[in-house]
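Report on the structure
Residues per chain, in single letters:
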Amino acid sequence: MAKARMASWLQGWFGIDIRSLAAFRIALGLMHLAFILSLLPDIAVFYTDLGAIPRSTVLTLAGDWQINLHFFNGLSLFQGLLFALHGLCALALTIGYRSRIMTFICWLLLISAVNRAPPIMQGSDVLLMCLTFWAVFLPLGVKWGVDAALNTARNTVPGRITSTATAAILLQACYVYFIGALLKNHPVWHKGNAVGAALHIEAFSLLGGHWLRQFPTLCHYLTYMVYCLELFAPLGLLNRAHQLRLLYLAMLACMHIAFALTLGVGNFPYVSLTSLLLFLPAEWWNYLGRKLASPARMGVTLYYDEACTFCKKTCELLREFLLPGNTPIIPAQSKKRIHNLMVKHHSWVVEDHEGKPHFRWEAMIYIIGLSPLFGWVSQVLSLGRLLTWGDRLYGLIGDSRSRLGTWTSSLLPYRRLNLHTGWFLQAIIAALAILTGWVNLATLYPKNMPLVENVKPFSSALRLDQRWNMFSPYPLTNSGWLVIEGTLEDGRPIDAWHGTMGKPSFAEPTIIANWYPDFRWRKYVTQMYNEGTFKPYRPYFEGWLCQRWNRAHPNEPLASLQVHAMWIDSYATGPARTVNKMSMPIAYCMAARRN
């Protein structure tokens, strides 16, 4: 009895509904795609030997234990291939194909990309690495994916998964809030001034932030709300009362949406929202299921040619992605009337809730139209020319069923999903979860609970090293932009940042956050021109600026440039506020070029 109560208690706190797990998997794959897309325009700048972050400097500053496939070659082609592989694996993870191995490859390529270009990385990348690491140990493909559709034991899958891995990933999501709140130990938080201060960090504040900071009283109360939401997150998110949990999830979701609209914090709000999907209780999905349970959706039946394994797999995949999980899939030969229709129309048969049969491509459009997510696609596919092309495509596939069956038997085999891990792996996961908790406590109490020196390289290699100090202990007190003044060999001045002729303007941009091309560049520039770890990257950035100009203007070579860091006190307001200028030493382009 006591054992059963303990199991129920653990399941209530650390169990994850399989539908929440599937929603998390889809969002996780999309977050990996977002990570890749955020870097894609600047791969040559940040990932190649001719860019602004050379491998030699990264290796000099990095720790001894680092997983980094991106170090093997500095050519654009090689880096592009690695990102393409990452993108394909992220797509496979999103649709739930070979979910466990795809999660592992995504994690491996993610930490490799992060290790290769440390100056451009931010909190969203750290959280994405941590979530992906724990996801490797979870059965992500158990629902709404290719793996689930072809699972030979799909009828025995439990509605809820509870393990050391589920506990570890749920606690990981809670650390972001709880540890982050404890690190906010400055009076600016306790007096209700932090949100207003954050919105006045010009390098972060977006148009929505400029609007919101006009209401100081509202910002005052929002400070307390943000702090309390983070501090009590473990109680709200792990609460067994589903109403309270849903309310807490809604408030956190609103907080992250507000962050996305007001502050240029990159992908952090979206990765955080991804982590919150894990906490959605079964009651939410049951409610949603009842709302979507229309007679049309619940009454459809799929009939396939019994001799065609490819046809059966296609029906099972369509059911998993578009229809309720209990939709019947029946051999057409089992009913004489349906079999006669199949032979007559040379087609599969989809019978709707009124008993009306649908055939060929029109049947596909009908099924897609029943999906609450993809129903709009059916309207597009019903257009005249697309309808004709679709019917031709169906005929082509129908004529190639035997070849497709051979192909899918190797790429899409039926297999039993393993939902459980052995005791040895469970023990390893538990040890890593304890290590993660220790890492987080060490950020709070570095003197009383420091990490053992032998443990640091291990946590760093797995990228479980983390510090949730966003706007902690207080928001930045200043921020700004750069003015990069160049001089050509003939003495004419240029604006080296914008790549235009003439002296650059020192006037404050209307919205300073928009001066940076994106959040990666903001992180890179601010990291380099602070007196910290990434200062050694400055000469390579300046050298890259010289090379960029000289490649675009071979007949007007750049001789030198000077970087001016422009800083504004975040708390200063009004047009008369002081702009501070810090001029860096002149960089001579010939000396800055690398072989």
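Let us look at the structure shown here.

As a further point, take the packing of aromatic side chains. Aromatic ring pairs are defined here through the distance separating the ring centres and the angle between the ring planes. All told, the structure shown has 24 aromatic pairs when counted by the stated rule. Ring plane angle 55 degrees and centroid distance 5.6 Å describe the contact between Trp-107 and Phe-133, whose orientation is recorded as tilted. Here Trp-107, found in helix α6 (residues 99-116), pairs with Phe-133, found in helix α7 (residues 123-135); they are 26 residues apart in sequence, far enough to count as distant. For the pair Trp-107 and Phe-133, one class covers both residues: buried. An aromatic cluster of at least three residues, connected via ring pairs, comprises Phe-46, Trp-497, Trp-515, Tyr-516, Trp-521, Tyr-524, Tyr-529, Phe-541 and Trp-544. Taking NZ or CZ as reference, Lys-184 lies 5.2 Å from the ring centre of Trp-189, over its face. It is Arg-522 that lies over the ring of Phe-204; its NZ or CZ is 4.0 Å from the centre.

In this section: the pattern of salt bridges. Note on pairing: side chains with opposite charge can pair once their charged atoms come close. For the structure shown, the criterion picks out 14 salt bridges. The salt bridge partner of Glu-320 is Arg-154, with a shortest N-O separation of 3.4 Å. In this pair, Glu-320 sits in helix α19 (residues 309-322) while Arg-154 sits in the loop between α8 (146-149) and β2 (160-161), placing the two residues 166 residues apart along the sequence. The class for Arg-154 is partly exposed, based on a relative accessible area of 25%. With a closest N to O distance of 2.9 Å, Arg-492 and Glu-556 form a salt bridge. Residue Arg-492 is found in the loop between β7 (478-488) and β8 (493-495), and its partner Glu-556 is found in the loop between α28 (538-552) and β10 (558-569); the two are separated by 64 residues along the sequence. Assessed through its relative accessible area of 34%, Arg-492 is described here as partly exposed. In this structure Glu-556 comes out as partly exposed when scored by relative accessible area, which is 27%. Among the ionic contacts, a cluster of salt bridges with common partners joins Asp-490, Arg-492 and Glu-556.

Spatial ordering of the open sheet is given by β4-β3-β5-β6, a layout of four strands whose pairing is mixed. This sheet does not close on itself; its edge strands, each paired only once, are β4 (329-331) and β6 (357-359). Geometrically, the sheet is characterised by an average inter-axis angle of 30 degrees between neighbouring strands, direction not taken into account. Pairing between strand β3 (residues 301-304) and β4: three bridges, direction parallel. When the bridges of β4 are listed, Tyr-303 appears paired with Ile-330. In this fold helix α20 (residues 336-345) packs onto β3, β5 (349-351) and β6, with an angle of close to 135 degrees to the strand it touches most, β5. Sitting on the sheet, helix α21 (residues 360-370) is in contact with β3, β5 and β6, with an inclination near 115 degrees to β6.

Cut-off values and rules
- Counting from 1, residues in each chain are numbered in the order their sequence is written.
- Under the rules for a predicted model, residues below a pLDDT of 70 receive no local features and side-chain atom pairs below 80 are neither given nor counted, while totals for whole chains, interfaces and linings still include all residues.
- The side-chain quantities take in all heavy atoms of the structure and omit both hydrogens and water.
- Any two rings among Phe, Tyr and Trp, with Trp reduced to its six-membered ring, count as a pair given centres within 6.5 Å; such a pair is stacked if its planes are under 30 degrees apart, edge-to-face if over 60, and tilted if neither.
- Each helix is a run of H or I in the DSSP string that is no shorter than four residues. Each strand is a run of E no shorter than two, and both are numbered from the N terminus.
- The buried label applies to any residue whose accessible area, calculated with a 1.4 Å probe on protein chains only, is under 20% of its type's maximum; exposed applies above 50%, and partly exposed to all values in between.
- Criterion for a charge above a ring: Arg CZ or Lys NZ at most 6 Å from the ring centre, at most 35 degrees from the ring normal.
- Salt bridge criterion: a side-chain nitrogen from Lys or Arg within 4 Å of a carboxyl oxygen from Asp or Glu.
- For two strands to pair, DSSP has to find at least two bridges joining them.
- Helix axes are fitted to C-alpha atoms over the stretch in contact, other axes to C-alpha atoms as well, and angles between N-to-C directions run from 0 to 180 degrees.
- Any pair of residues with heavy atoms lying within 4.5 Å of one another is described as a contacting pair.

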